[in-house]
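Okay, here's what each chain looks like letter by letter:
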Amino acid sequence: MGLFSKDIRTLDDLFVHTLRDVYYAERQIEKALPKMIDNATDPQLRARFEKHLDQTKGHIQRLEQVFELLGVKAKTVNCPAINGILEEADEVSSDIDDKEVRDAALIASEQAVEHYEITRYGTLIAWAKQLGRSDCANVLANNLKEEQATDRKLTEIAENRVNLQAA
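Along each chain, residue indices are assigned from 1 in the same order as the chain's sequence is written. In keeping with the model being predicted, local features are shown solely for residues with a pLDDT of at least 70 and side-chain atom pairs are shown and tallied solely at 80 or more, while totals for entire chains, interfaces and linings include all residues. Calculation of side-chain values draws on the structure's entire complement of heavy atoms; hydrogens and water are dropped beforehand.

A. Representation of the nonpolar core. Counting 23 residues, the largest nonpolar core has Leu45, Phe49, Ile82 and Ile107 as its most contacted members. Elements that contribute at least two residues to this core include exactly helix H1 (11-39), helix H2 (43-70), helix H3 (80-95), helix H4 (99-130) and helix H5 (134-166). With six residues, the top contributor of residues to this core is H1. Among residues more than four places away in sequence, those in contact with Ile82 are Tyr24, Ala25, Ile29, Val113 and Tyr116. The criterion is simple. A nonpolar core is a set of buried Ala, Val, Leu, Ile, Met, Phe, Trp, Tyr and Cys residues joined through side-chain atoms within 4.5 Å. To sort residues, take the accessible area from a 1.4 Å probe on protein chains only and compare it with the maximum for the residue type: under 20% means buried, over 50% means exposed, and anything in between is partly exposed. Numbering of helices and strands runs from the N terminus; a helix is a DSSP stretch of H or I covering at least four residues, while a strand is a stretch of E covering at least two. Residues are treated as being in contact if the distance between any of their heavy atoms lies within 4.5 Å.

Right under this line is the structure:
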């Protein structure tokens, strides 16, 4: 079922489709983060990536909880957007030899991931509320809060350490 598939007829259908999209994204991020951890040299950045990997595992569990609340199968749909963001992150980290510059690039790449997730969770929460599913919205809000906090922490690390070292 593609985003513009005839199988999406209602907001409920779109909600489930987008939930499966972000479920796919979280699972891909879970696979990508260990390499980002290995490529990061700044200790605070590595620690943040490690924390985010743990959080991502929790995000996946929460998404599975939402699927259960909805009574639908927890499955993924391909998300070309996150594939592209993660592919770019991998290319950037592979192409930069200077470790300080690479750390700055890794932060930028991870923030692109965070911003994608933030938009998806914000949308899903709004739709869940519109559909009268505050139970789902509340679960998804926990993921959103963690994504926003990660984004803020990455900005702090970049502005207070990594970007200064890269310059």
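B. Just the pattern of salt bridges, in detail. The term salt bridge refers to a side-chain nitrogen of Lys or Arg lying within 4 Å of a carboxyl oxygen of Asp or Glu. Under the defined criterion, the tally for this structure stands at seven salt bridges. Arg27 is the salt-bridge partner of Glu64, the closest N and O atoms lying 4.0 Å from each other. Of this pair, Glu64 sits in helix H2 while Arg27 sits in helix H1, and the two are 37 residues apart along the sequence. Judged by its relative accessible area of 35%, Arg27 falls in the partly exposed class. Among the salt bridges present, the one from Arg161 reaches Asp42, with a minimum N-O distance of 2.8 Å. In this pair, Arg161 is assigned in helix H5 and Asp42 in the loop between H1 and H2, connecting sequence segments 119 residues apart. Taking the relative accessible area as the measure of exposure, Asp42 reaches 3% and is therefore buried.

C. Representation of the environment of Leu86. As for its position among the elements, Leu86 is in helix H3. A relative accessible area of 13% means that Leu86 is categorised as buried. Among all residues touching Leu86, those that are not within four sequence positions of it are Gln28, Ile29, Ala32 and Val113.

D. View of a negative patch on the surface. Each patch is built from residues lacking any salt bridge and having more than 30% relative accessible area; the joining distance is 9 Å for like charges and 5 Å for nonpolar side chains (Val, Leu, Ile, Met, Phe, Trp, Tyr). Residue-level accessible areas treat just the shown protein chains as cover; the underlying method is Shrake-Rupley with a 1.4 Å probe. When charges are counted, neither His nor the chain ends are considered; positive counts come from Lys and Arg and negative counts from Asp and Glu. We put the charge of a Lys on NZ, of an Arg on CZ, of an Asp on CG and of a Glu on CD. A surface patch of negative charge is lined by Glu87, Glu88, Glu91, Asp95, Asp97 and Asp98. The residue Asp95 is located in helix H3 in this model.

E. Quick look at H5. Its 33 residues give H5 an end-to-end C-alpha distance of 44 Å, which sits within 8% of 48 Å, the value for a rise of 1.5 Å per residue. Bending is quantified residue by residue as the angle between axes fitted to the seven-residue window ending at that residue and the seven-residue window starting at it. Along H5, the sharpest kink reaches roughly 50°, centred on Ala158. To estimate how far a helix should extend, the number of its residues minus one is multiplied by 1.5 Å.

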